[in-house]
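Residue-level structure breakdown
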Amino acid sequence: MLPGDLRSEQFKGYPPEARKLIVDYIPALQRLPLAFVPSLLREVIDYDFKFPPERKAIEKELANVGTLSPLQVTEWFQGFAQISQSPKLERFDWVNSPAQFVEQLSAHLWATHQLDAFRKAAIDYADRLQAVAPPEPPRVPRLGIAVIGQGATTHPEPLFRKLRAHGGYFNRVNPQNGLEALLDAAGARAKAHPEQYGHWYIDGGKAAVHDAALNCVSYSALEPARMVLLRKMRGEIEKPGMGPETLRTLLAQIRPADLGLGKPGDEVLDRFQVKLLTEGSGTQIFSTTFAQWAARETLRRAQPLTLLVRFAPRQRQRPMNELLSSIQPDAELDPAGSLVDADMGSYYTYLNQQRLTGAHKSSFLVWFEGQNEAVAIGPAMPRGTESSAPTDLKQLLTWAT
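Cut-offs applied
- Residues numbered from 1 in each chain as written.
- Predicted model: local features only at pLDDT ≥ 70, side-chain atom pairs only at ≥ 80, totals over all residues.
- Heavy atoms only, no water.
- Helix = DSSP H or I, 4+ residues; strand = E, 2+ residues; numbered from the N terminus.
- Rg over C-alpha atoms; globule rule 2.2 N^0.38 Å.
- Buried < 20%, exposed > 50% of the residue type's maximum accessible area, 1.4 Å probe, protein only.
- Areas by Shrake-Rupley, 256 points an atom, 1.4 Å probe, with all protein chains shown as cover.
- Axes fitted to C-alpha atoms, helices over the stretch in contact; angles between N-to-C directions.
- Contact = heavy atoms within 4.5 Å.
- Expected span 1.5 Å × (residues − 1).
- Salt bridge = Lys/Arg side-chain N within 4 Å of Asp/Glu carboxyl O.

1. Regarding the overall build of the chain
- When you go through the chain residue by residue, the secondary structure sums to 16 helices and 10 strands.
- Taken over the C-alpha trace, the chain has a radius of gyration of 23 Å; the compact-globule value for 401 residues is 21 Å, and the two agree within 12%.
- With respect to the principal axes defined by its C-alpha atoms, the chain has extents near 70 × 50 × 45 Å.
- Looking at the 401 residues of the chain, the share that counts as buried comes to 49%.
- With the model as given, the accessible surface of the chain reaches about 19500 Å², and the carbon-plus-sulfur share is 53%.

Structure (structure tokens):
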């Protein structure tokens, strides 16, 4: 089937909001090449479970496609139209399984030496779309907070080496009630600037007491789901002929109910947590990896106004078969190694925040938990500075923001 054959009844398997959205744009989709349409449907089919910024982006993209003239369609999609397809791909049910189609298309592009041409077409399209439908700026400047080093007391190398150049380094920070102060500040922002999925608290261990206005995801709370997933993964890996591509496809089909998360509640958040565990590499077994990936995906997808991520000690490295086993002895923790992971993770979190709109007004704070070292970054904070003056985290937040 080609896009020109699309009919509204073919979308009856889509979730209700996605189906309602897409049927209005079928005439527009009929004009587009097969190499492009499934990639768009891959986003649309999950519309019901996406965060508000993602929904707005899909709506803007569809609206733009619907307004293009025939000449503009040729200009925007000529690169995709030149991609040759195999009969197998044309027969694939790409309407109901767009993600699987995209995976097979990727393999086809590699095999037929068309990947460079496809990449150029995708970049050209993204640049055009960015120009006509840019993301909206945040209502208030964003604030990112990273708390690292839980359980560690010393570090052989200087901390925050990559972040110090972007703000001020402070080495006499009063650590008393520091985590509570940061969580209170995040909660206060959530109440002052209410926005659905706009304020987050991510914990690589057990979540501390926090304001209910914050969307919270924690490694500890997801332990039952992680154990179910690890059992599924191990069972699949032990099957003869199982390869990484097949495992990836199976993981993409997992739903919240499969991991015990499908109870009445927040289906958008449940789907997000499932993707954290099934799309992230190592998020099932290493808490520092979980925290870093969760922060990355939250920033990329939800584009929050406030994000506080707290890293916790991860287990020490062991043979992979043991790590994937659902029956694990009490894991030995590695606070010192986890501090190194979290130090780099906080830098990546800062970089991901800076990729969002309004980056020039954003603020970022990273603190060595329980200790007196921190870095504060913000529009008014001098770059590359150091201070040994006594201060506390509340004061640093005030200076940074």
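Now, onward.
2. Looking at the packing of helix α9 (residues 178-192) against helix α16 (residues 393-400)
- The contact between α9 and α16 brings their axes to 9 Å, and the two run at 40°. On α16, the residues that touch Gly-178, Ala-181, Leu-182 and Ala-185 of α9 are Leu-393, Lys-394 and Leu-397.

3. So, helix α7 (residues 98-111)
- In this model α7 runs 20 Å from its N-terminal to its C-terminal C-alpha over 14 residues, within 8% of the 20 Å that 1.5 Å per residue would give.
- Within α7, burial applies to Pro-98, Gln-100, Phe-101, Val-102, Leu-105, His-108 and Leu-109.
- The elements touched by buried residues of α7 are α3 (37-44), α6 (87-91), α8 (115-132) and α11 (244-252).
- Immediately beyond the C-terminal end of α7, within one or two residues, lies His-113, with a positive phi of roughly 60°.

4. Things to note about the pattern of salt bridges
- As enumerated under the stated definition, the model contains 23 salt bridges in all.
- Put simply, Glu-136 and Lys-56 hold a salt bridge, and the shortest N to O gap is 3.6 Å. Of the two residues, Glu-136 is situated in the loop between α8 and β1 (143-148) and Lys-56 in helix α4 (residues 52-67); the sequence distance between them amounts to 80 residues.
- Overlapping salt bridges, with partners in common, bring together Arg-42, Glu-43, Lys-50, Glu-54 and Arg-301 in one network.

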